[in-house]
Amino acid sequence: MRSILRHARRPAPPRRDAPLVSVVMPTYNWSSVLPYSIASVLWQTHRNLELHVVGDGCTDDSEEVVRSIGDPRVYWHNLPENTGSQAGPSQAAFERSRGGLVAYIGHDDVWHPTHLAILVDHMCSRGPDVAHTLTEVFGPPGTRDRELVGQYPAERERGRLIPPASLMHRREALERVGGWPRWREHGRQPVVVLEDRFQDAGLRFEAVWALTVFKPPATYRPNSYVERPIHEQREYVRRIRSERTFLYRELARVTARRLSPLPTRRRIPQSSADRSPGWEVRYARRVRGLD
């Protein structure tokens, strides 16, 4: 843990006033990956933050891993039982948070150190209710699965997924739409329903064209919650720290993939014909080895 976090800045002194940004990290029984995602929060150039790591009924050593970090900006809470999706712990973390701006990161995602600074600057200078950066989404090595997510010409299409790890919204935005939706009541993923609600409520939803999020989706990796690999997160943290041209190289990889005529080699189970409420979450849980 200490070696992973050694390049993160020194802990900020305790603050009596509320931080500007509250970072929300839902997690479930994958403690070995937490040091990498947490490191990518603590190395942010924007320092006025708090991080709420909320377990979705964790039964492993996630609490010990989080508490061992020893940064006063990092908080741990564990729900009494598993709710089944990121919506439950995300809502619980929001209710415990204090920041006027709220950002999200998955426990297996990695942020570039400039992520929060770019979003905070955009929120403060342009004044949207919701904003997001670009996310590099990639499959396991050998799958040729790599894309840049979050680009659109004018306005996000309703129903289009923007990865939660790229989102930032004003506190009152979530309050206005009634919080995170319950996944069993909708066919789509909770974050898609939430983003639709933001737009349906007339909130300003803007894209920031900067690559700051690196996401190896668990749904692209069958049985990921059984095998719990960490090699990709470890490698991205290492590369971001050591490669001065890291962002240029990643953008080149995305461009090369987009121009390539070769198909992807993604191998994940097909979803069933069932489209009843909650089907997308049930499918993702099955692929990840949770059900």
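My aim in this report is to walk through the structure given alongside it, one point at a time. (Residues numbered from 1 in each chain as written. Predicted model: local features only at pLDDT ≥ 70, side-chain atom pairs only at ≥ 80, totals over all residues. Heavy atoms only, no water.)

Judged by nonpolar contacts, the single largest core of 30 residues is most densely connected at Val-21, Ile-38, Trp-111 and Met-168. Going through the elements one at a time, strand S1 (21–27), helix H2 (34–42), strand S2 (49–55), helix H3 (62–67), strand S3 (74–78), strand S4 (101–104), helix H5 (115–126) and strand S9 (205–215) are the ones with two or more residues in this core. Not counting residues within four places of it along the chain, the set of residues in contact with Val-21 comprises His-46, Asn-48, Leu-49, Glu-50, Gly-99, Leu-101, Ala-103, Leu-116, Val-120 and Met-168. (Core = buried A, V, L, I, M, F, W, Y, C linked by side-chain atoms within 4.5 Å. Buried < 20%, exposed > 50% of the residue type's maximum accessible area, 1.4 Å probe, protein only. Helix = DSSP H or I, 4+ residues; strand = E, 2+ residues; numbered from the N terminus. Contact = heavy atoms within 4.5 Å.)

Time to look at the packing of aromatic side chains. Each aromatic ring pair is characterised by the separation of its centres together with the angle its planes make. One pass over the full model with this rule turns up 6 aromatic pairs. When the ring of Trp-30 is compared with that of Tyr-225, the centres are 5.1 Å apart and the planes differ by 65 degrees; the resulting orientation is edge-to-face. Placement of the pair is Trp-30 in the loop between S1 and H2 and Tyr-225 in helix H8 (residues 224–227), with a sequence separation of 195 residues. In this structure Trp-30 comes out as buried when scored by relative accessible area, which is 3%. On the accessibility criterion, Tyr-225 (13% relative accessible area) is buried. Aromatic pair Tyr-236 and Phe-246: ring centres 6.0 Å apart, planes at 90 degrees, arrangement edge-to-face. Of the two residues, Tyr-236 is situated in helix H9 (residues 231–242) and Phe-246 in helix H10 (residues 246–259); the sequence distance between them amounts to 10 residues. Taken as a pair, Tyr-236 and Phe-246 share a single burial class, namely buried. Each member of the aromatic cluster is reached from another via a ring pair, and the members are Phe-138, Phe-214, Tyr-236 and Phe-246. The cationic tip of Arg-156 hangs over the ring face of Phe-205; the distance from NZ or CZ to the ring centre is 5.7 Å. The residue whose ring lies beneath Arg-266 is Tyr-220, and the NZ or CZ to ring-centre distance is 3.9 Å. (Phe/Tyr/Trp six-rings, centres within 6.5 Å; stacked < 30°, edge-to-face > 60°. Lys NZ or Arg CZ within 6 Å of the ring centre and 35° of its normal.)

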